[in-house]
Amino acid sequence: MTMLKFYNTLTRKTEEFKPISKDKVTIYTCGPTVYNYVHIGNLRAMLVYDLVIRYLKFKGYKVKWVMNITDVDDKTIRDSQKEGKTLKEFTEFYTKAFLKDLKTLNINIPKIMPKATEEIEGMVELVKKLLEKGIAYRADDGIYFSIKKFKDYGKLANLDIDKLKAGASGRVNAQEYDKENAHDFVLWKFYDSKDGDVFWKTDIGKGRPGWHIECSVMSSKYLGKPFDIHMGGVDLIFPHHTNEIAQSEAAYDKKFCNYWMHNEHLLVNGEKMSKSLGNFYTLRDLLDKGYRAEAIRYELLSTHYRNKMDFREENLKKIPETLQKFYDFLDKLDSVKGKGAPEIKEMIDVALGNFEKAMDNDINISGGLAAIFDFMTKVNKIMNDMSKTDASAVKKLMLKFDSVLGVMEHEKAELDSEIEKMVEEREKARKEKDFEKADNIRDALKEEGIILEDTPKGVRWKKV
Ligand code: AMP
Ligand code: ZN
């Protein structure tokens, strides 16, 4: 048995993963800012979260997963005003769209998804605590965190802290800035008429939270201090995650989080896919062009999460062939008629061992996939000898692999629902006495290998 290892941004080492509690993992992932449809770069991050969590479950851990929804910040306020909508109306629309994208890509949805606007009280408490301890201070436009008051500031991003502190006299009010401009950052923004009706009247003043404070508050509230894993894209290492650590550790004198995992970016022609550069695809764009969700999921998953990945649309065309190999393989298993292949047991053990060995090594997905394809090649060679019992053992293993990959069953479920839709449509046509349409649907289904049977309980369909 190999041991599970993750690359930890905090220590810059690949380390053995040791959760705080023996069988349960607590994990926080930074969610989207809901001011637009997310792009597939964002979705790459979500897929990486999903993959890591699925693999932790594969390893037998229970997982408590929290992902926030940023529904108040500079961008959500700006764009809701542009559209003449309330912040709530505006952000709820894009939150729904986001959840739909997750579902389409077969990404598990976290049970705990707090919204920033619903957690203001906790944020105010944290800011108060920082004020009491003399780590935060009031300025004319907001309350700021004084980075020189926190000795470990910048550790995660590997900043030269002494140099930075020597020059640390300024402040930044913007939510995003680069390392060169590291300064005291805003915890609470005092009301500015530009914010319209977006404000909270609180003990620390009328205004709204800075961006970083929400993740400090929500993660600790639901997962405790410290928790096991925090994930996000590499762009969040600085300033977002750096500031999360500063806020939490300075306030509570306790470690905030043990393992920090960051996914690399999805690129377009060598540049980060991003809204501001305008070089992005949404999931909708790709589905409208006829690419399948499974293909998109597989493509985005099959590059190691810490490698940059250039997105090429044409790659999506090749994927279905690969996926088809899975489907054909699973189908073939249903029709084996042999007497039994004793070597199958060892093949299963070896495949499982190889898969786990690769994935344990910081989620080495190429190694994991290679183990699966190698297994399929070997099984294909002895398929004629295999008994039904052998086949069901093989299938069980494939579905175990797929509990991590999430590409084999999804397709089937989707197809089933497409067939059901057609069957219903045919029923409707028959009731309306449009027999030509009903027959056409029957023929179309027949071509797909689906036959319909009229039973006393209604129409049933089966694959032949
Ligand atoms: P945002 O809504 O910008 O806060 O992003 C949500 C998540 O997507 C964060 O974890 C980001 O780091 C991540 N992300 C943003 N752009 C990309 C990209 N091009 N490739 C991979 N992850 C990204
Ligand atoms: Zn965050």
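Residues numbered from 1 in each chain as written. Chains lettered and ligands numbered in written order. Predicted model: local features only at pLDDT ≥ 70, side-chain atom pairs only at ≥ 80, totals over all residues. Heavy atoms only, no water.

The omega torsion across Lys-225 and Pro-226 is -10 degrees, close enough to zero to call that bond cis. Summarising the element assignment, Pro-226 is placed in the loop between helix 6 (213-223) and strand 11 (227-233). The linkage connecting Phe-238 with the following residue, Pro-239, adopts the cis geometry, with an omega of 0 degrees. With respect to the helices, strands and loops of the structure, Pro-239 is situated in helix 7 (residues 237-252). Look at Arg-12: it is not a glycine, yet its phi comes out positive at around 60 degrees. Assessed through its relative accessible area of 34%, Arg-12 is described here as partly exposed. Even without a glycine there, the phi angle at Asn-158 is positive, about 60 degrees. One can find Asn-158 in the loop between strand 6 (142-145) and helix 5 (161-166). (Helix = DSSP H or I, 4+ residues; strand = E, 2+ residues; numbered from the N terminus. Buried < 20%, exposed > 50% of the residue type's maximum accessible area, 1.4 Å probe, protein only.)

Attention now goes to the site of ligand 1. The full set close to ligand 1 counts 18 residues, and Tyr-49, Gly-233, Asp-235, Leu-266 and Met-273 are the nearest of them. Thr-33 places a polar main-chain atom, nitrogen or oxygen, 3.0 Å from an oxygen atom of ligand 1. The contact in question runs from an oxygen atom of ligand 1 to an N or O atom on the backbone of Gly-233, over 3.0 Å. When ligand 1 sits alone it has 490 Å² of accessible area, and the protein chains cover 92% of it. (Near = heavy atom within 4 Å. Polar contact = N/O pair within 3.5 Å; in protein donor to acceptor, adjacent residues only side chain to side chain. Areas by Shrake-Rupley, 256 points an atom, 1.4 Å probe, with all protein chains shown as cover.)

Ligation of the zinc ion (ligand 2) by protein atoms is provided by Cys-30 (SG), Cys-215 (SG) and His-240 (NE2), these donors lying 2.1 to 2.2 Å from the ion. Donor residues for the zinc ion (ligand 2), ordered by position in the chain, follow C-x184-C-x24-H. Remark: Cys-215 occurs in helix 6 and Cys-30 occurs in the loop between strand 3 (24-29) and helix 1 (40-58); sequence separation between them is 185 residues. Residue class for Cys-30 comes out buried when judged on its relative accessible area of 5%. With a relative accessible area of 1%, Cys-215 lands in the buried category. (Donors = N, O, S within 2.8 Å, 3.2 Å for Na, K, Ca; no water.)

Under the domain assignment used here, the protein contains domain 1 (20-135 + 212-277), domain 2 (319-411) and domain 3 (417-463). Using C-alpha coordinates to define each centre, domain 1 is positioned 45 Å away from domain 3. (Domains from an automatic or database assignment.)

Turning our eyes to something else, we now look at the packing of helix 12 (residues 365-382) against helix 13 (residues 388-405). Packed helices, taken two at a time, are described by the angle their axes make and the gap between the axes. Following both chains from N to C, one finds helix 12 and helix 13 inclined at 160 degrees, their axes separated by 12 Å at the closest point. Here helix 13 runs roughly antiparallel to helix 12, going by the angle between their axes. Crossing of helix 12 over helix 13 shows left-handed handedness. In this structure, helix 12 contributes Ile-365, Leu-369, Ile-372, Phe-375, Met-376 and Val-379 to the contact, and helix 13 contributes Val-394, Leu-397, Met-398, Phe-401 and Leu-405. (Axes fitted to C-alpha atoms, helices over the stretch in contact; angles between N-to-C directions. Parallel < 35°, antiparallel > 145°, perpendicular 65-115°, else oblique. Left-handed = near helix turned anticlockwise from the far one by under 90°. Contact = heavy atoms within 4.5 Å.)

To continue, consider the pattern of salt bridges. Taken as a whole and judged by the stated rule, the model has 31 salt bridges. Lys-462 is the salt-bridge partner of Glu-453, the closest N and O atoms lying 3.4 Å from each other. Among the ionic contacts, a cluster of salt bridges with common partners joins Asp-74, Lys-189, Asp-195 and Arg-208. (Salt bridge = Lys/Arg side-chain N within 4 Å of Asp/Glu carboxyl O.)

Spatially, four strands are ordered 4-3-11-12 in an open sheet, and the strand pairing comes out parallel. Either end of the sheet is taken by a strand with one partner, and the two such strands are strand 4 (62-67) and strand 12 (257-263). Averaged over all adjacent pairs, the angle separating strand axes in this sheet is 25 degrees, with direction ignored. Examined bridge by bridge, strand 3 and strand 11 share three bridges and lie parallel to one another. By the bridge assignment, Ile-27 is partnered in strand 11 with Ile-229. In the packing of helix 1 onto the sheet, the strands contacted are strand 3, strand 4, strand 11 and strand 12, and the crossing angle to strand 4 comes to about 160 degrees. (Pairing = 2+ DSSP bridges.)

One recurring pattern in soluble globular proteins: nonpolar side chains tend to sit buried together. By size, the foremost hydrophobic cluster in this structure holds 138 residues, and its most contacted members are Phe-145, Ile-229, Phe-326, Phe-375, Met-386, Val-394 and Met-398. If one sorts the elements of this core by residue count, helix 1 sits on top with 13 residues. Every residue in contact with Ile-229, bar those within four places of it in the chain, is listed here: Phe-6, Phe-17, Val-25, Thr-26, Ile-27, Tyr-28, Leu-56, Cys-257, Tyr-259 and Met-261. Ile-419, Ile-441, Leu-445 and Ile-450 belong to the second-largest nonpolar core, a separate cluster that totals six residues. (Core = buried A, V, L, I, M, F, W, Y, C linked by side-chain atoms within 4.5 Å.)

Extensive coverage of strand 10 (residues 205-209) is indicated by the burial of four of its five residues. Where strand 8 (residues 184-190) lies against strand 10, three bridges are found, and the strand directions are antiparallel. Looking at the pairing, Trp-188 lines up with Pro-209 of strand 10. In this structure, strand 9 (residues 200-202) lies alongside strand 10, joined through three bridges in antiparallel fashion. Bridge pairing in strand 10 places Thr-202 opposite Gly-205.

What follows covers the sheet that holds strand 14 (residues 271-272). Taken in spatial order, the three strands of this open sheet run 14-13-15, and their pairing is mixed. Bordering the open sheet on either side are strand 14 and strand 15 (309-310), each of which pairs with just one other strand. Bridging between strand 13 (residues 266-268) and strand 14 involves two bridges; their strand directions are antiparallel. Looking at the pairing, Val-268 lines up with Glu-271 of strand 14.

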